[in-house]
Amino acid sequence: MARKLEFCVSSWVFDVLWPARNVQGWRDLRLGLQGLAMREARSKPDLNVGFILCPEFPLMSLTGFVEALRHAADIGDKSRKILCSWTIMSPGRQSVTSSCGISIPADSGLMPPDKFDCVAIIGPLLRNIDAIPPEIHPYLRQVQTHERLLAGLCTGSFVLADAGLMDQRNACLHPYHADDYRSRHPGLRFTLDRDFVEDDGIVTVPGGLSVISFATHLISKFCGQERATKAVFQMTMSDREVESSVKRIVALGRQHITNHRLRRAITLMERDLQAPGTIADIADTLGMSERQLERLFREELQTTPKVFWIDMRLRYGRWYLFNTEKAVTEIAYLTGFSDCAHFIYQFRKRFGATPGKLRKAVQQI
């Protein structure tokens, strides 16, 4: 097997095989991979998404979502619809032209909602909000009646509101569209500081990279965290040793967290990985006491801020270990440990082996 393993396999080695350190561990790994292969024969994927495209829709909202599904759907990069499936729909099966002028052919007309786990409508440029096909609004109400997850991407939130589906729900908008939404639907609630909001079976997503965040959340929910991690890994990783916020998300396995104060606390921790301050500093920045911050972590993540921060730094160190050639001493420094011995001690306590032994074990697979 090549040295650079597929991410989901690597995760299995880290979290299942290595702690076992025996024949049963290897058997579990083999059976897990065989199980993925056997699922090719199933007639129904774990996640089936239907897309409705409005005239002049943003192409990135479609391609970002579909690429995440594509990578999660199969082993490797074979693009088979095994674990995930997707269908492009439009009334009359007409092609739909995106905002950049590229036309996308539809796979079908508007299919029965019970064919899907999620139906996502990608909204138009607002100049076309009143020109969407008349069949769409009643179809969206039908989806909601069938209790299928309904998502509005980009200005899809406007289409959902026009269909009367957002009267008692909170919408997640891009700040650029806040005034337009307020003007068109006065009195409806909205927020501007989330990747997405799910409210009583309807999800609204501002667009852009937030679409990928929602897609990976959906994949994790229906297919498991390994599939979601694999999708992000395939879409963002390169062979170059370059730092980026997206790579840090992959390394840290960041979860979608709805509480804004908790998200802010974790962002501050990520920013200071190399030179971590104190929990008191973070609490003070957030205008909270240490006790309030600890209560928030315990309620939302069932751990303390200190334990969470150390674990975050260790997971980032593990990512460095398997994705770069950096020495263990340098990794210890980059993850904010005062000395290499302390890093090795904490790493072995967390992952069951020293950094050097774990790196060597994976290289020999």
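Cut-offs used in this document
Residues numbered from 1 in each chain as written. Predicted model: local features only at pLDDT ≥ 70, side-chain atom pairs only at ≥ 80, totals over all residues. Heavy atoms only, no water. Helix = DSSP H or I, 4+ residues; strand = E, 2+ residues; numbered from the N terminus. Buried < 20%, exposed > 50% of the residue type's maximum accessible area, 1.4 Å probe, protein only. Polar contact = N/O pair within 3.5 Å; in protein donor to acceptor, adjacent residues only side chain to side chain. Pairing = 2+ DSSP bridges. Axes fitted to C-alpha atoms, helices over the stretch in contact; angles between N-to-C directions. Contact = heavy atoms within 4.5 Å. Phe/Tyr/Trp six-rings, centres within 6.5 Å; stacked < 30°, edge-to-face > 60°. Lys NZ or Arg CZ within 6 Å of the ring centre and 35° of its normal. pLDDT = per-residue confidence, 0-100. Expected span 1.5 Å × (residues − 1). Parallel < 35°, antiparallel > 145°, perpendicular 65-115°, else oblique. Nonpolar A, V, L, I, M, F, W, Y, C, P; charged D, E, K, R; others polar.

Some words on the side chain of Thr324
Argument step 1. On the secondary structure map, Thr324 appears in the loop between α13 (305-323) and α14 (328-334).
Argument step 2. A relative accessible area of 6% means that Thr324 is categorised as buried.
Argument step 3. At 2.7 Å, the side chain of Thr324 and the backbone oxygen of Tyr320 are in polar contact.

Focus: the sheet that holds strand β9 (residues 197-199)
Argument step 1. Strand order in the open sheet made by the 6 strands is β2-β1-β5-β6-β10-β9, with mixed pairing throughout. Each of the sheet's edge strands pairs with one partner strand only, and the pair in question is β2 (84-89) and β9. Across the sheet, the mean angle from the axis of one strand to that of its neighbour is 20 degrees, orientation sign disregarded.
Argument step 2. Pairing between strand β5 (residues 118-122) and strand β6 (residues 149-153): 5 bridges, direction parallel. The partner of Ile121 across the bridge, within β6, is Gly152.
Argument step 3. Contacts from helix α4 (residues 136-145) reach β1 (47-53), β2, β5, β6 and β10 (202-205) within the one sheet, and its direction differs from that of β5 by about 150 degrees.

Observations regarding the packing of aromatic side chains
Argument step 1. Considering all chains together, one arrives at 12 aromatic pairs under this definition.
Argument step 2. Measuring from centroid to centroid gives 5.9 Å for Tyr316 and Trp319, while their planes differ by 10 degrees, and the two rings are stacked. Of this pair, Tyr316 and Trp319 both sit in helix α13, 3 residues apart, which is roughly one turn of that helix. Across this residue pair, the class does not change: Tyr316 and Trp319 are buried.
Argument step 3. Among the aromatic residues, those joined into a cluster by ring pairs are Phe51, Phe65, Phe196 and Phe214.
Argument step 4. In this arrangement the basic side chain of Lys81 is found over the ring face of Trp86, its NZ or CZ atom lying 4.6 Å from the centre.
Argument step 5. Here Arg313 stacks its cationic end above the ring of Phe337, 4.3 Å away from the centre of that ring.

Looking at the confidence of the model for the chain
Argument step 1. In the predicted model, the chain carries a mean pLDDT of 82, and the fraction of residues at 70 or more is 81%.
Argument step 2. Across residues 237-245, confidence stays below pLDDT 50; counting only partners more than four residues off in sequence or on other chains, it has 14 contacts.

Overview of α13
Argument step 1. Given a rise of 1.5 Å per residue, 19 residues ought to cover 27 Å, and the 27 Å separating the end C-alpha atoms of α13 matches this to within 8%.
Argument step 2. In terms of residue burial, α13 counts as a mostly covered element, since 14 of its 19 residues are buried.

A closer look at the side chain of Thr354
Argument step 1. By the element assignment, Thr354 lies in the loop between α15 (340-351) and α16 (355-363).
Argument step 2. A polar atom in the side chain of Thr354 sits 3.3 Å from the backbone nitrogen of Lys357.

Describing the pairing of β1
Argument step 1. With 7 of 7 residues buried, β1 lies mostly within the body of the structure.
Argument step 2. In β1, alternate side chains face the same way, and those of Leu47, Val49, Phe51 and Leu53 on one face and Asn48, Gly50 and Ile52 on the other are all buried.
Argument step 3. Pairing of β1 with β2, which is carried by 6 bridges, proceeds in the parallel orientation. What sits directly across from Gly50, in β2, is Thr87.
Argument step 4. The pairing of β1 with β5 spans 5 bridges and is classified as parallel. Residue pairing across strands places Leu53 opposite Ile122, the latter belonging to β5.

Overview of the packing of helix α10 (residues 260-271) against helix α12 (residues 290-301)
Two measures define how a pair of helices packs: the angle their axes make with one another and the distance between the axes.
Argument step 1. At a minimum axis separation of 10 Å, α10 and α12 run at an interaxial angle of 105 degrees. Judged by the inter-axis angle, α10 sits roughly perpendicular to α12. Contacts between α10 and α12 involve Arg261, Leu262, Ala265, Ile266 and Met269 from the former and Leu293, Leu296, Phe297, Glu300 and Leu301 from the latter.
Argument step 2. Considering only residue class, the contact of α10 with α12 consists of 8 nonpolar, no polar and 2 charged.

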